[in-house]
Amino acid sequence: MNVVFAVKQYVSKMIEDSGPGMKVLLMDKETTGIVSMVYTQSEILQKEVYLFERIDSQNREIMKHLKAICFLRPTKENVDYLIQELRRPKYSIYFIYFSNVISKSDVKSLAEADEQEVVAEVQEFYGDYIAVNPHLFSLNILGCCQGRNWDPAQLSRTTQGLTALLLSLKKCPMIRYQLSSEAAKRLAECVKQVITKEYELFEFRRTEVPPLLLILDRCDDAITPLLNQWTYQAMVHELLGINNNRIDLSRVPGISKDLREVVLSAENDEFYANNMYLNFAEIGSNIKNLMEDFQKRKPKEQQKLESIADMKAFVENYPQFKKMSGTVSKHVTVVGELSRLVSERNLLEVSEVEQELACQNDHSSALQNVKRLLQNPKVTEFDAARLVMLYALHYERHSSNSLPGLIVDLRNKGVSEKYRKLVSAVVEYGGKRVRGSDLFSPKDAVAITKQFLKGLKGVENVYTQHQPFLHETLDHLIKGRLKENLYPYLGPSTLRDRPQDIIVFVIGGATYEEALTVYNLNRTTPGVRIVLGGTTVHNTKSFLEEVLSSGLHSRGRESSQVTSRSASRR
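Residues numbered from 1 in each chain as written. Predicted model: local features only at pLDDT ≥ 70, side-chain atom pairs only at ≥ 80, totals over all residues. Heavy atoms only, no water.

Undergrad: Can you break down empty space enclosed by the protein residue by residue, with the values?
TA: Computed from the structure, the largest cavity encloses a volume of approximately 120 Å³. Residue lining of the largest cavity: Gln 178, Leu 216, Asp 217, Arg 218, Asp 220, Asp 221, Phe 469, Leu 470, Thr 473, Tyr 487, Val 506 and Glu 514, and that is the complete set. Taken together, the elements giving at least two residues each to the lining of the largest cavity come down to strand E11 (212-217) and helix H20 (469-478). In terms of residue count, the dominant contributor to the lining of the largest cavity is H20 (three residues). Residues of the lining of the largest cavity, tallied by class, amount to five nonpolar, two polar and five charged. (1 Å grid on protein atoms, 1.4 Å probe; cavity = no way out; pocket = protein on both sides within 12 Å on 5 of 7 lines; lining within 4 Å. Points joined across faces, edges and corners; volume = space filled by probe spheres on them. Helix = DSSP H or I, 4+ residues; strand = E, 2+ residues; numbered from the N terminus. Nonpolar A, V, L, I, M, F, W, Y, C, P; charged D, E, K, R; others polar.)

Undergrad: With reference to specific residues and values, describe helix H5 (residues 104-113).
TA: Of all the residues in H5, the buried ones are Val 107, Leu 110 and Ala 113. The arc that holds the buried residues of H5, viewed along the axis, is 125°, so those residues lie on one side. Residues of H5 that are exposed and angled more than 90 degrees away from the buried face: Lys 104, Lys 108, Ala 111 and Glu 112. For H5, the secondary structure elements touched by its buried residues are helix H4 (76-87) and strand E4 (93-98). (Buried < 20%, exposed > 50% of the residue type's maximum accessible area, 1.4 Å probe, protein only. Arc of directions from axis to C-beta. Contact = heavy atoms within 4.5 Å.)

Undergrad: Can you lay out the packing of aromatic side chains for me, pointing to particular residues and giving the numbers?
TA: Tallied over the entire structure, the rule returns twelve aromatic pairs. A ring pair is formed by Phe 202 and Phe 204, whose centres lie 6.3 Å apart and whose planes are at 70°; its orientation type is edge-to-face. There is no split in this pair, since Phe 202 and Phe 204 are both buried. Counting every residue linked through ring pairs, the aromatic cluster contains Tyr 10, Tyr 97 and Phe 125. (Phe/Tyr/Trp six-rings, centres within 6.5 Å; stacked < 30°, edge-to-face > 60°.)

Undergrad: Can you explain the side chain of Glu 514? Please cite residues and give values.
TA: With respect to the helices and strands, Glu 514 occurs in helix H21 (residues 512-524). Under the relative-accessibility criterion, Glu 514 is labelled buried at 3%. Discounting residues that sit within four places of it in the chain, Glu 514 has contacts with Arg 218, Asp 221, Thr 224, Pro 468, Leu 470 and Leu 532.

Undergrad: Can you lay out the packing of helix H8 (residues 232-239) against helix H13 (residues 326-344) for me, pointing to particular residues and giving the numbers?
TA: Their axes nearest at 11 Å, the elements H8 and H13 cross at an angle of 65°. Crossing hand, H8 versus H13: left-handed. Here H8 contributes Tyr 232, Met 235, Val 236 and Leu 239 to the contact with H13, which in turn contributes His 331, Val 334, Val 335, Leu 338, Leu 341 and Val 342. For the contact of H8 with H13, the residue count by class is nine nonpolar, one polar and no charged. (Axes fitted to C-alpha atoms, helices over the stretch in contact; angles between N-to-C directions. Left-handed = near helix turned anticlockwise from the far one by under 90°.)

Undergrad: Residues and numbers for the pairing of strand E15 (residues 501-507), please.
TA: With seven of seven residues buried, E15 lies mostly within the body of the structure. Alternating residues of E15 divide into Asp 501, Ile 503, Phe 505 and Ile 507 and Ile 502, Val 504 and Val 506, and every residue in both groups is buried. Where E11 and E15 come together, six bridges link them in parallel fashion. Across the sheet, residue Leu 213 finds its bridge partner in E15, namely Ile 503. (Pairing = 2+ DSSP bridges.)

In structure tokens:
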């Protein structure tokens, strides 16, 4: 179950099927992103694809010496563009691939438009999602719900993305969903409808234990997306933002022109692949080792690399080093910027208190620490509001709740009204009334013992104590202990055996911290394979946008292998 491999295979097959000769790849806005996540331009160039065009681009030249490979989402708009294209073809022959199920009537319209008989084939290749990591996918949808219910257009897109994922991995799953979420039940029903309607497509070889699709709602754990992160991939997304593997560094002081936007992709960046799940301290020393290895080849010019600034100076003074290893200069820049932000925003101290709010149950200590940080001028309004949100979620019903006082402290600090209002919006979004689970106080004896032992041992790393609620959910699921009264099956049948292939989908967005949890579970649980997906992959900033777009704030007060099918269904 590797989503990067699945999409990559589709793209390879499209190019191979068109045969030898020069080609153009014709895509739409979304499929451009889907392809760019799994292939670099230079890799595709090696396969005789010399031109990349958008179907909606008005001024494309006529190039009859090129074959066209069209990879498009099956939207009405794209079908209309294709009909126009086929009436006046710009290329010699067309291989058309839709990223999802296309209706018979649309295929008929295309056939009627193809008067010059330039279409060689029309097929469905189900790469209709963004493959982020081998075990993580996203649909890049921000703001999927209105209140507690789906926005209809986003429900339709999510159903398409999720069914395409199942088809690309060749899975016909049993479905479980979070009972406390109306949106989860609705999505489960929509996916089930597609599986029933397109039953021929889902006739895969039966496995002994059927795969399982588990649909969850972000509302059940609003804590995880609010925390600062300390592993490389998650930290880059939290502090700089990752958008389809691209990081915008244009705001970095003194940045050189060629580093204004960099790409971080584990597929073709070995350092990133080896370090994306390591914590910040290890990455710093790994970069240092990498550079020292290079220096050993230049014994005359030994220099000591003590700080990030030394490293940057070293890279700038060695153009040939830059040439040899753009990778290193990129990572030194990224880590340098992370390091600058950590000290500028006092994030070590902020993160320690965040972790206390998420993992401990000492109200008076937590309150004291939040109040102390709100007085610190280095703490930004964003981080100050985030601390108060975490406090509000954890101690929502505590007898000594001091939220009104903290809101006053935020106002005195000069925190904008937008962030002050967001505190109550976050509680409205993911507070106790909404959650189907208990995020903070472990109820069963095993969990209480674990917490007690953890307290005795002390914590290895105060910045990474927190484990997403997803960890507990998956742990219970793998052990066959996930309660059916909280996560019922859709339909009459249930799974007798422990699940082996699990697809988890989070409505309202997953996080890189949860992706790390899944990565570790895959590594340490033999016989179990888990893939995580979400409507998007959040950092704190995008999560707060999700909360805002849900409209709940308006009530807030300031207080695998290729599966394809011929679309003509011959």
